[in-house]
Amino acid sequence: MHTHENTVRLMPDVASQAQPHLAGALDWVGMDGIEVPALFDAGDGSVQRSSAQVGAFVNLTRPDKRGIHMSRLYLLVDEYLSAKPVDAAMLHSLLRAFLDSHKDLANRARISIRFDQLVRRAALRSSNSGWRAYPVSIEASLGEEGFRLELGTEVVYSSTCPASAALSRQLIQEQFARDFAAGQPLDHAAVLAWLGSEKGIVATPHAQRSVARLLVRFAEDASLDLIGLLDRVEQALGTPVQTAVKREDEQAFALANGGNLMFCEDAARRIQRALDADDRIVDFHVRLEHQESLHPHDAVAYASKGVAGGYGNGSGRV
Ligand SMILES: Nc1nc2c(ncn2[C@@H]2O[C@H](COP(=O)(O)OP(=O)(O)OP(=O)(O)O)[C@@H](O)[C@H]2O)c(=O)[nH]1
């Protein structure tokens, strides 16, 4: 009977052989789409387990070596992601372990983790609540430039067009002028009834489902505060999409939209101001997409960190 050691000794190890024909250092080698159940901080003190897709990579600095040791990266991903919630410190030590497992072969490592963060959101007025699933992509790397951590996510919201609102108001005024003659005393009850009729709102501004795509780089010592980031962005926008909606919630949403008219430029500046004020965020790029109901195309704005001579150049990284 073979012992485990004997069996292993009999197996050829192609990856560690010297490269016979083609030599060359490689930028990144690894695996993408690794399926793992990973743990994430749910933002309320509890831990959420989500199905995640992981990319695990190191560079290959040795031109003469055939390949990296994929299984080592795979097993490290499984070990670390099963043990504790994904955060900056854990990712940093996982990447260090990637490099330790490839001594003399690699000096850079990176990992990407994609999953949906489920968050229970309260209704605007009623006591109900419902789920939102925010798509999240975490990218961490370790190399000569140190540890870097970026987080990408999306917030969906409603935007009502300010131009359309002004044009609608003008038509409502004109309708009022037609229905109530100038110089005549106004009958309070008649005006109230008129306001409650469809004539009182002959034109309605168009609103659109809109998407803010965010890419944020955190300071090296900052925590991975995903829920805090989502909350801050939704507050800055003012009209995030709702989950459970009763009539009282829908009315509150209509009021919020009426007081929150915005072009995509306005939305971009609101997020820019909110994220600029957060010193745990060293850089960010946002892309705002207003999926127009007036047009078959979208209105789009990009913004990035607004420091003087800043990082942002409209490169559209998101
Ligand atoms: N390097 C590399 N390995 C691959 C690739 N596709 C599949 N693999 C497999 O990944 C398996 C595991 O690789 P290793 O980590 O080198 O496995 P191992 O030699 O048993 O493990 P160690 O003893 O730790 O090196 C190998 O059997 C490879 O065939 C590829 O494109 N490149």
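Residues numbered from 1 in each chain as written. Predicted model: local features only at pLDDT ≥ 70, side-chain atom pairs only at ≥ 80, totals over all residues. Heavy atoms only, no water.

As annotated in an unreviewed UniProt entry, the protein chain carries the name GTP cyclohydrolase FolE2 and is attributed to Dyella choica. Turning to the protein chain, the UniProt annotation filed under Sequence similarities (unreviewed entry) states: "Belongs to the GTP cyclohydrolase IV family." (UniProt positions renumbered as here; feature names shortened; annotations may be inferred.)

Here we take up the pairing of strand S6 (residues 207-218). Most of S6 sits inside the fold, with nine of its twelve residues counted as buried. By the bridge criterion, eleven bridges tie strand S5 (residues 146-160) to S6 in an arrangement that is antiparallel. When the bridges of S6 are listed, Ser159 appears paired with Gln208. Direction of pairing for S6 relative to strand S7 (residues 281-290): antiparallel, over a ladder of nine bridges. Looking across to S7, one finds that Phe218 is bridged to Ile281. (Buried < 20%, exposed > 50% of the residue type's maximum accessible area, 1.4 Å probe, protein only. Helix = DSSP H or I, 4+ residues; strand = E, 2+ residues; numbered from the N terminus. Pairing = 2+ DSSP bridges.)

Where helix H2 (residues 70-83) contacts helix H3 (residues 88-100), the axes come no closer than 10 Å and their chain directions differ by 155°. Of the possible angle classes, the one that applies to H2 and H3 is roughly antiparallel. Read as a crossing pair, H2 and H3 show a hand that is right-handed. Across from Leu73, Leu76, Val77, Tyr80 and Leu81 in H2, the residues of H3 making contact are Met90, Ser93, Leu94, Ala97 and Phe98. Among the residues making up the contact of H2 with H3, the classes are represented as nine nonpolar, one polar and no charged. (Axes fitted to C-alpha atoms, helices over the stretch in contact; angles between N-to-C directions. Parallel < 35°, antiparallel > 145°, perpendicular 65-115°, else oblique. Left-handed = near helix turned anticlockwise from the far one by under 90°. Contact = heavy atoms within 4.5 Å. Nonpolar A, V, L, I, M, F, W, Y, C, P; charged D, E, K, R; others polar.)

Glancing now at helix H4 (residues 162-179). Counted at 1.5 Å a residue, the expected span for H4 with its 18 residues is 26 Å, and the 26 Å between its end C-alpha atoms agrees. Along H4, the residues that are buried comprise Ser164, Ala165, Ser168 and Gln175. Along the axis of H4, the buried positions cluster into a sector of 95°, meaning they face one direction only. The exposed set on the far side of H4, more than 90 degrees from its buried face, consists of Leu167, Gln173 and Ala177. (Expected span 1.5 Å × (residues − 1). Arc of directions from axis to C-beta.)

If you check the domain split of the protein chain, you get domain 1 (22-161 + 206-304) and domain 2 (171-201). A C-alpha centroid distance of 50 Å is found between domain 1 and domain 2. (Domains from an automatic or database assignment.)

An order of S1-S2-S3-S4-S5-S6-S7-S8 is seen for the eight strands of this open sheet, with the pairing classed as antiparallel. In the strand order of this sheet, the two ends are held by strand S1 (26-41) and strand S8 (299-304), each with one partner. With strand direction ignored, the average angle separating the axes of adjacent strands in the sheet is 15°. Here six bridges tie strand S2 (residues 47-60) to strand S3 (residues 109-122), and the two strands are oriented antiparallel to one another. Residue pairing for S3: Val54 is matched across the bridge by Ile113. In this fold H2 packs onto S1, S2 and S3, with an angle of close to 20° to the strand it touches most, S1.

This part covers the UniProt feature "site: May be catalytically important" (unreviewed entry) in the protein chain. Mapped onto the present numbering, the UniProt feature "site: May be catalytically important" (unreviewed entry) falls at Cys161. For Cys161, the location among the structural elements is in the loop between S5 and H4. Residue classification places Cys161 among the buried positions, given a relative accessible area of 10%. Excluding anything up to four places from it in sequence, Cys161 contacts Pro205, His206, Gln208, Met262 and Phe263.

By nearness alone, every residue bordering the ligand is listed as Asp13, Ala15, Gly67, Ile68, His69, Met70, Ser71 and Arg72. Taking Ser71, its side chain carries an N or O atom lying 2.5 Å from an oxygen atom of the ligand. Protein contacts shield 43% of the accessible area of the ligand, which totals 650 Å² for the unbound molecule. (Near = heavy atom within 4 Å. Polar contact = N/O pair within 3.5 Å; in protein donor to acceptor, adjacent residues only side chain to side chain. Areas by Shrake-Rupley, 256 points an atom, 1.4 Å probe, with all protein chains shown as cover.)

We now examine the packing of aromatic side chains. One pass over the structure, following the stated rule, counts four aromatic pairs. An angle of 25° between the planes, with centres 4.8 Å apart, marks the rings of Phe176 and Phe180 as stacked. With a relative accessible area of 28%, Phe176 lands in the partly exposed category. Take Phe180: its relative accessible area is 16%, and that puts it in the buried class. The interplanar angle of 80° and the centroid separation of 5.3 Å between the aromatic rings of Phe176 and Trp194 together place this pair among those described as edge-to-face. (Phe/Tyr/Trp six-rings, centres within 6.5 Å; stacked < 30°, edge-to-face > 60°.)

One number sums up the size of the largest pocket: a volume of about 270 Å³. Looking at the largest pocket, it is lined by 13 residues, and the ones nearest its centre are Ala165, Ile201, Thr204, Pro205 and Gly258. Elements supplying a minimum of two residues to the lining of the largest pocket: H4 and helix H7 (247-258). Sorting elements by how many residues they give to the lining of the largest pocket places H4 first, with four residues. When its residues are assigned to classes, the lining of the largest pocket shows seven nonpolar, five polar and one charged. As a volume, the second largest pocket reaches approximately 200 Å³. (1 Å grid on protein atoms, 1.4 Å probe; cavity = no way out; pocket = protein on both sides within 12 Å on 5 of 7 lines; lining within 4 Å. Points joined across faces, edges and corners; volume = space filled by probe spheres on them.)

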